[in-house]
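So the chains spell out like this:
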Amino acid sequence: MSKAHVIGFGKSGVAAARLLKKEDWEVVISDSANADILASRNTSENFLHQQQELAALAITVKLGYSLDLNDADLPELIVVSPGVPWDIPLLVKARELGIETIGEMELAWRHLQSIPWVGITGTNGKTTTTALTAAIFQAAGFNAPACGNIGLAACEVALSQDGAQGERRSTGTSLPIDWVIAEFSSYQIESSNTVAPRIGVWTTFTPDHLARHKTLEKYYDIKAKLLHQSQLQVLNGDDAYLSKIGLSQWSNAYWTSVKGKEHLIGEKGFYIEDGWVVETRLIASLQEDERIVEVSALRMVGEHNQQNLLMSVAAARLAGIEKEAISAAIREFPGVPHRLEHICTWENIDFINDSKATNYDAAEVGLASVQAPVILIAGGEAKAGDDTAWLAKIKAKASVVLLIGSAAESFAKRLEEVGYDSYEVVETMENAVKRSPSLALTHQASVVLLSPACASFDQYPNFEARGDDFRVLCLKWVGTRD
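Keep in mind that this is a model prediction, so the values were computed, not measured.

J.: So what's going on with the overall build of the chain? Which residues, and what values?
T.: Of regular secondary structure, the chain possesses 18 helices and 20 strands. Compactness check: the chain gives a C-alpha radius of gyration of 23 Å against a globular reference of 23 Å for 482 residues, within 12% of the reference. Considering only C-alpha atoms, the chain reaches an extent of 70 × 65 × 45 Å along its principal axes. By the burial criterion, 55% of the 482 residues in the chain qualify as buried. Long-range contacts, defined here as pairs at least 24 residues apart, represent 65% of the contacts in the chain between residues at least 6 apart. As presented, the chain carries roughly 20200 Å² of accessible surface, and 49% of it is formed by carbon and sulfur atoms. The distance from the centre of the 43 positive side-chain charges to the centre of the 61 negative ones in the chain is 1 Å.

J.: Any chance you could break down the sheet that holds strand S2 (residues 26-31) for me, citing the residues and the numbers?
T.: Read from one edge of the open sheet, five strands run S3-S2-S1-S4-S5, paired in parallel fashion. The outermost strands of the open sheet, each flanked by one partner alone, are strand S3 (60-63) and strand S5 (100-103). Averaged over neighbouring strand pairs, the angle between their axes works out to 20 degrees when direction is ignored. Contacting strand S1 (3-7), S2 and strand S4 (77-80), helix H1 (residues 11-22) crosses the sheet at an angle of about 170 degrees to S2. Strand contacts of helix H5 (residues 104-112): S4 and S5, with the helix running at about 90 degrees to S5, the strand carrying the most contacts.

J.: Please set out the UniProt feature "binding site: ATP" (unreviewed entry) in the chain residue by residue, giving values where relevant.
T.: Under the present numbering, the feature "binding site: ATP" (unreviewed entry) in UniProt falls on Gly 122, Thr 123, Asn 124, Gly 125, Lys 126, Thr 127 and Thr 128. In this fold, Thr 127 is placed in helix H6 (residues 126-139). In this structure Thr 127 comes out as buried when scored by relative accessible area, which is 8%. In this structure, Thr 127 is in contact with Ile 150, Glu 183, Val 336 and Lys 356, ignoring residues within four places of it in sequence. In this fold, Thr 128 is placed in helix H6. Under the relative-accessibility criterion, Thr 128 is labelled buried at 4%.

J.: Can you explain the packing of H1 against H5? Please cite residues and give values.
T.: It is at 10 Å that the axes of H1 and H5 come closest, and there the two elements cross at 40 degrees. As the angle between them shows, H1 and H5 are arranged oblique. The interaxial crossing formed by H1 with H5 has left-handed handedness. Across from Ser 12, Ala 16, Leu 19 and Leu 20 in H1, the residues of H5 making contact are Glu 104, Leu 107 and His 111. Across the contact of H1 with H5, the residue classes break down as four nonpolar, two polar and one charged.

J.: Go over the packing of aromatic side chains, please, and point to the residues and values.
T.: Tallying each qualifying case throughout the model produces 15 aromatic pairs. Centre to centre, the rings of Trp 117 and Phe 184 are 6.2 Å apart; their planes meet at 35 degrees, and the pair counts as tilted. On the criterion of sequence distance, the pair formed by Trp 117 in strand S6 (residues 117-121) and Phe 184 in the loop between strand S8 (180-183) and helix H8 (186-190) is long-range, its members being 67 residues apart. Between Tyr 360 and Trp 390 the ring centres are 5.4 Å apart and the planes differ by 40 degrees, which places this aromatic pair in the tilted class. Within this pair, whereas Tyr 360 is found in helix H14 (residues 360-368), its partner Trp 390 is found in helix H15 (residues 388-397), the two being separated by 30 residues in sequence. The class for Trp 390 is buried, based on a relative accessible area of 3%. Here the aromatic residues Trp 202, Phe 205, Tyr 219, Tyr 220, Tyr 241 and Trp 250 are joined through ring pairs into a cluster of three or more.

J.: Give a detailed account of the sheet that holds S6, specifying residues and quantitative values.
T.: The nine strands lie next to each other as S7-S8-S6-S9-S10-S11-S12-S13-S14, forming an open sheet whose pairing is mixed. The outermost strands of the open sheet, each flanked by one partner alone, are strand S7 (146-148) and strand S14 (286-294). Strand-to-strand, the axes of this sheet are offset by a mean angle of 25 degrees, without reference to chain direction. Pairing analysis gives three bridges linking strand S10 (residues 232-236) to strand S11 (residues 254-257), with the strands arranged parallel. The residue of S11 that forms the bridge with Asn 236 is Thr 256. Sheet contacts for H5: S6, S7 and S8; angle to S6, the most-contacted strand, approximately 160 degrees.

Rules of the game
Residues numbered from 1 in each chain as written. Predicted model: local features only at pLDDT ≥ 70, side-chain atom pairs only at ≥ 80, totals over all residues. Heavy atoms only, no water. Helix = DSSP H or I, 4+ residues; strand = E, 2+ residues; numbered from the N terminus. Rg over C-alpha atoms; globule rule 2.2 N^0.38 Å. Buried < 20%, exposed > 50% of the residue type's maximum accessible area, 1.4 Å probe, protein only. Contact = heavy atoms within 4.5 Å. Areas by Shrake-Rupley, 256 points an atom, 1.4 Å probe, with all protein chains shown as cover. Lys, Arg positive; Asp, Glu negative; His and termini not counted. Charge placed at Lys NZ, Arg CZ, Asp CG, Glu CD. Pairing = 2+ DSSP bridges. Axes fitted to C-alpha atoms, helices over the stretch in contact; angles between N-to-C directions. UniProt positions renumbered as here; feature names shortened; annotations may be inferred. Parallel < 35°, antiparallel > 145°, perpendicular 65-115°, else oblique. Left-handed = near helix turned anticlockwise from the far one by under 90°. Nonpolar A, V, L, I, M, F, W, Y, C, P; charged D, E, K, R; others polar. Phe/Tyr/Trp six-rings, centres within 6.5 Å; stacked < 30°, edge-to-face > 60°.

Dropping the structure here:
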């Protein structure tokens, strides 16, 4: 029996282990974190259930363990979870030894490549675009699950497809998967060699994850890899970096612009004009424009969400989806949790959860999307990047900044360097939420905004847990004032 080793005991790793076992591999799944740490990142009940489920499948679980390639008994295949750096010495050595090393998305692709994929990547905007794209495809009657860096692990989709095929053979009732709508982080692209979507979408490109990827050029090349391997490409023409490269590298792409047709790159794409999303294309050498959906159908605020709308509509139209289904889906789309998510209102003050803003550019967009003056909660585990525009937006829109997490002191220093001294170091989310209402009243602020500009790993297992904590604390605080 062939041996496989899965690194990472998260949802992606567990799904990959189950999929390999279904293929009759002898599977070991490991994580360098011990059981206590892993249980703290999840509910202890769910963690225990996962262990029991894997044990029942005869999958070996090794926690607090790192694969030793000096052993005589080596695996033929290593599958890497998204959070594991691709260039750590262990994986470099594995590849040198000729051990096939792939990511969880690549494993899923090998099971699902007969189904068309929409592959969505970008520094910011990819989660909203993925969720909206999936909603449109589903409104059109497709079984089109969202997966990858959002929702389900891709291998969970592969497992469900295998199950559906078996059920269809026996009952003829289960629906097959028609499209896979997959969000790809740079980490997931890096470890996926053969993934080739039918439609590739690139939302934005700004410096991020440079601690891992080292240079902007390497980060760009990783993102570009997914688009180059896609049959059709959709790119955000309003993005400064992508538009600068433009037709020189993406001559056959479909471009988008919220600024109107005159700003569109090339002769085919999607733009906004007179409050409508418009599709333009060349038919028999003639330019043809067609209105698809009113922009006002989208409930989410901000120009960045109009860009996300354009790219989702582009993917849908390239898949042949009719205007009516697109319009219906957009009108019903509620938005994405943790991305400018309205939590509650107290004394005309809106509490907004933007926990997914894990870098400076996303946090700047968050500030730009809400009404000033703002009480801003920021901080966490700082990332490398250019904070200039974010700091300028703080000076323009924030009455007070409440600083939390390990970045609090360094952020305070940066704020002082740009001449902004209306900040408080409050350390924890609980302290920030307790302090924010009185500050909002004092400064007549209309919004309390959590938009951290940081990763969450200093205090939380992920940005979702951080946003959930903010939600619980806000609702608890407001609930005691009713």
